[in-house]
Amino acid sequence: MAAVQLDALDRQLVDMLALDARISNRKIAAELGVTEGTVRGRIKRLQQDGLIAFTAITGFEMGKLARLAFINVQADVDRVREVAQIIAEVPGVNAVLITMGQFNITAMSLIDELDELVELASDKILSIDGVHHVETSIAVKTVKYNARMAKITKPEVVPDDD
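Computed from a predicted structure; not experimentally measured.

Cut-offs and rules
Residue positions are counted from 1 within each chain, in the order its sequence is given. Only residues with pLDDT of at least 70 are given local features in this predicted model, and only at 80 or more are side-chain atom pairs given and counted; all residues enter the totals for whole chains, interfaces and linings. Side-chain figures throughout are based on the complete set of non-hydrogen atoms in the structure, without hydrogens or water. A strand pair is defined by DSSP finding two or more bridges across the two strands. Under the scheme used here, helices are H or I runs from DSSP no shorter than 4 residues and strands are E runs no shorter than 2 residues, and both carry numbers assigned from the N terminus. For helices, the fitted line uses only the C-alpha atoms of the stretch in contact; every axis is such a line through C-alpha atoms, and the angle between N-to-C directions lies from 0 to 180 degrees. Any two residues having at least one pair of non-hydrogen atoms within 4.5 Å are treated as being in contact. Working definition: roughly parallel below 35 degrees, roughly antiparallel above 145 degrees, roughly perpendicular at 65 to 115 degrees, and oblique for all remaining angles. Classification convention: Asp, Glu, Lys, Arg as charged; Ala, Val, Leu, Ile, Met, Phe, Trp, Tyr, Cys, Pro as nonpolar; all other residues, Gly among them, as polar. For this document, the term salt bridge refers to a Lys or Arg side-chain nitrogen within 4 Å of an Asp or Glu carboxyl oxygen. Think of it in three bands: with a 1.4 Å probe and only protein chains considered, a residue is buried below 20% of the maximum accessible area for its type, exposed above 50%, and partly exposed in between.

### Some details on the sheet that holds strand β1 (residues 67–75)
And then number 1: One open sheet accounts for four strands, arranged β2-β3-β1-β4; its pairing is antiparallel. The strands lining the two open edges of the sheet, one partner per strand, are β2 (95–98) and β4 (131–138). Each adjacent strand pair in this sheet contributes to an overall mean axis angle of 20°, direction not counted.
And then number 2: Packed on one face of the sheet, helix α4 (residues 80–88) meets β1, β2, β3 (105–111) and β4 and runs near 170° to β2.
And then number 3: Strands in contact with helix α5 (residues 114–125) are β1, β3 and β4; relative to β4, the strand with the most contacts, it is inclined by about 165°.

Structural data, given as structure tokens:
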């Protein structure tokens, strides 16, 4: 499967939507000098290709205490992708990254209570075949959080309206 190529108009469109996802197609069209139909078509294609999605991004304040937790995992080198996929399916895990360094997988989760982190890291992730060691850390103060960059989700399949 070839990588999707974005042209300058696609990038301008994405930049505008990133600033305000509620902006009207008409306003985007006027600012970019194209028709509203072009904007509508481009947005639909970008959604179908899984390059953009519209969602409400919640702040940490939505949880009771909501802390961002990191679970660093040492897994068998020859099973990293398999273990990462298993971790991705664990309820409560919001993101899974394959990394380089002392740990080869990092999982991220929003937790309200420390017991949740213990259950997630020790009871669920450490028990996965191929996992040797886990180490956790909790963000205690958020200095900068860019939800546009850090919101990592699995792309949804957008139904075709045709």
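That shown, we press on.
### A few points about the packing of helix α1 (residues 8–19) against helix α3 (residues 36–48)
And then number 1: Remark: α1 packs on α3, axes separated minimally by 11 Å, with the N-to-C direction vectors making an angle of 85°. On the basis of the axis angle, α1 is roughly perpendicular to α3. Where α1 abuts α3, its residues Leu9, Asp10, Leu13, Val14 and Leu17 lie against Thr38, Val39, Arg42, Ile43, Arg45 and Leu46.
And then number 2: Partitioned by chemical class, the residues of the contact of α1 with α3 number seven nonpolar, one polar and three charged.

### Remarks on the pattern of salt bridges
And then number 1: This structure, assessed with the given rule, holds eight salt bridges.
And then number 2: Close ionic contact of arginine 45 with aspartate 49 constitutes a salt bridge, the shortest N to O distance being 3.9 Å.
And then number 3: In this structure arginine 45 comes out as partly exposed when scored by relative accessible area, which is 27%.
And then number 4: Here lysine 124 makes a salt bridge to glutamate 119, at a shortest N to O gap of 3.4 Å.
And then number 5: Using a relative accessible area of 39% as the deciding quantity, one classes glutamate 119 as partly exposed.
And then number 6: Overlapping salt bridges, with partners in common, bring together Asp7, Asp10, Arg42, Arg45 and Asp49 in one network.

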